[in-house]
Amino acid sequence: MHEPRDPGPGTEQQAGVVGPVPGGDGEVGYRGVTACHAVGISYRQLDYWARTALVVPSVRDASGSGTARLYSFRDLVVLKVVKRLLDAGVSLQNIRRAIEALRSRGVEDLAGITLISDGTSVYECRSPEEVVDLLQGGQGVFGIAIGGAFKEIQGSLSHLPAEQVGGPPVVADSPESAESAGDELAARRARRRAG
C-alpha cells in the first residue's frame with residue numbers, strides 16, 4: 001500500500017493537465033475502485049466520465065476488456081472538483097462546458113485553480129479581484145478551494161491501495177491479479193506474526 005507523498009518538482013501530461021508527479025521516483029496510479037472510494041463517487045459515474053472524456057485517466061486508460069484504468073493523484077483532484085460541483089447543484093453539462101472552456105483557453109493545471117459556483121454557473125477565480133464566469137452567467141457565488149481537495153484525496157488514499165506503473169497491465173480476474181491478492185494476504189499474515 002502506498003501513501004501519497006507531497007508533489008515533487010517533476011511534471012506529467014495528464015488529459016490536458018500538466019502538473020507535479022506525486023512521489024518523484026516512480027509514477028503511481030490508482031485503480032477505478034480506489035478512485036471511487038477516495039473521491040466519493042460511484043464506479044458508474046467514474047466509468048461514464050472516462051468514456052465521455054470529462055476526466056480521462058492519465059496514467060493508463062482501459063485498452064480492452066478486463067484491463068484496468070489507472071488514475072493519477074491529479075486526476076483524482078479533478079474528479080473531486082467535479083463531484084463537489086455536482087453536489088452544489090451544477091449540472092454535469094455545465095461542469096463539462098466549464099472544464100472544456102478552461103482547457104480550450106490553455107489552462108494547463110486544472111488542479112491549480114479555484115472554481116466558484118452559484119449552483120448554476122461556474123466561475124474561475126483568477127485573483128481576489130477577478131472572478132470570470134465560465135458559462136456567461138452571473139449571480140452570487142461560493143468558492144471551492146482546490147487545495148482542500150488535495151488534502152482530502154491524500155487523506156482518503158492513505159489507507160487505499162496504489163499500483164506501481166511500469167509493469168505489464170494486469171487483467172482483472174487473471175492468475176496474476178489473484179496471485180498479487182494472495183501475496184498481499186500472505187504479507188499481512190507475516191506482519192501479524194512478526195509484530
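Values in this document were obtained by computation on a predicted structure and should not be read as measured data.

Novice: Any chance you could explain the overall build of the chain here in plain terms?
Specialist: Within the chain, the regular secondary structure consists of six helices and nine strands. Long-range contacts, defined as pairs at least 24 residues apart, comprise 61% of the intrachain contacts of the chain with a sequence gap of at least 6.

Novice: Hey, could you run me through the environment of Leu79 in this one?
Specialist: Of note, Leu79 is situated in helix H3 (residues 73-87). Sequence separation between Leu79 and Val39 is 40 residues; the distance between their C-alpha atoms is 6.7 Å. With near-sequence residues (within four places) excluded, Leu79 lies in contact with Ala35, Val39, Ile41, Leu46, Trp49, Val55 and Tyr71.

Novice: It is not clear to me how the packing of H3 against helix H4 (residues 92-104) should be interpreted in this structure. Could you clarify?
Specialist: H4 packs onto H3 with a crossing angle of 140 degrees between their chain directions and a minimal axis gap of 10 Å. In terms of orientation, H3 and H4 fall into the oblique class. Along this stretch, H3 crosses H4, giving a crossing that reads as right-handed. Counting all contacts with H3, which are made through Val82, Leu85 and Leu86, the residues of H4 involved are Leu92, Ile95 and Ile99. For the contact of H3 with H4, the residue count by class is six nonpolar, no polar and no charged.

Novice: What should I look at first to understand the packing of aromatic side chains in this one?
Specialist: Ring pairs (aromatic) are described by centroid distance and by the angle formed between their planes. On inspection of all chains with the given rule, the structure shows one aromatic pair. When the centroid spacing of 5.4 Å and the interplanar angle of 50 degrees are considered together, the rings of Phe73 and Phe150 count as tilted. One end of the pair, Phe73, is in helix H3; the other, Phe150, is in helix H5 (residues 146-157), and 77 residues separate them in sequence. The pair Phe73 / Phe150 is uniform in exposure class, with both members buried.

Novice: Got a minute to help me understand a positive patch on the surface in this structure?
Specialist: Residues Arg189, Arg191, Arg192 and Arg193 make up a contiguous surface patch of positive charge. Residue position: Arg192 is located in helix H6 (residues 175-194).

Novice: Mind showing me how you'd approach the sheet that holds strand E9 (residues 163-164) here?
Specialist: Strand order in the open sheet formed by three strands is E4-E3-E9, and the pairing between neighbours is antiparallel. Edge positions in the sheet fall to strand E4 (70-71) and E9, since each has one partner strand and no second. Inspection of the sheet shows strand E3 (residues 28-31) paired to E9 by two bridges, in the antiparallel sense. The partner of Gly29 across the bridge, within E9, is Glu163. Where helix H1 (residues 32-39) meets the sheet, it contacts E3 and E4, and its direction lies at approximately 85 degrees from that of E3.

Novice: Help me out: how do you make sense of the pattern of salt bridges in this one?
Specialist: Should the charged atoms of two oppositely charged side chains come close, the side chains can pair. Enumeration according to the criterion identifies eight salt bridges in this entry. As a salt-bridge pair, Arg84 and Glu152 come within 2.1 Å of each other at their nearest N and O atoms. Linking Arg84 in helix H3 with Glu152 in helix H5, this pair joins segments that are 68 residues apart in sequence. Judged by relative accessible area, which is 35%, Glu152 ranks as partly exposed. Among the ionic contacts, a cluster of salt bridges with common partners joins Asp47, Arg51, Asp61 and Arg69.

Novice: When you look at H3 in this model, what are you seeing that I'm missing?
Specialist: In a regular helix each residue adds 1.5 Å, so 15 residues correspond to 21 Å; H3 covers 21 Å between its end C-alpha atoms and thus fits that length. Among the 15 residues in H3, 12 count as buried, and that is most of the element. Phe73, Arg74, Asp75, Leu76, Val77, Val78, Leu79, Lys80, Val81, Val82, Lys83 and Leu85 are the residues of H3 that are buried. Count one or two residues on from H3 and you reach Gly89, which has phi positive near 100 degrees.

Procedures and definitions
Residues numbered from 1 in each chain as written. Predicted model: local features only at pLDDT ≥ 70, side-chain atom pairs only at ≥ 80, totals over all residues. Heavy atoms only, no water. Helix = DSSP H or I, 4+ residues; strand = E, 2+ residues; numbered from the N terminus. Contact = heavy atoms within 4.5 Å. Axes fitted to C-alpha atoms, helices over the stretch in contact; angles between N-to-C directions. Parallel < 35°, antiparallel > 145°, perpendicular 65-115°, else oblique. Left-handed = near helix turned anticlockwise from the far one by under 90°. Nonpolar A, V, L, I, M, F, W, Y, C, P; charged D, E, K, R; others polar. Phe/Tyr/Trp six-rings, centres within 6.5 Å; stacked < 30°, edge-to-face > 60°. Buried < 20%, exposed > 50% of the residue type's maximum accessible area, 1.4 Å probe, protein only. Patch = residues over 30% accessible without salt bridge, like charges linked within 9 Å, V, L, I, M, F, W, Y side chains within 5 Å. Areas by Shrake-Rupley, 256 points an atom, 1.4 Å probe, with all protein chains shown as cover. Salt bridge = Lys/Arg side-chain N within 4 Å of Asp/Glu carboxyl O. Lys, Arg positive; Asp, Glu negative; His and termini not counted. Charge placed at Lys NZ, Arg CZ, Asp CG, Glu CD. Pairing = 2+ DSSP bridges. Expected span 1.5 Å × (residues − 1).

Function cannot be read off these values alone, since they describe shape.
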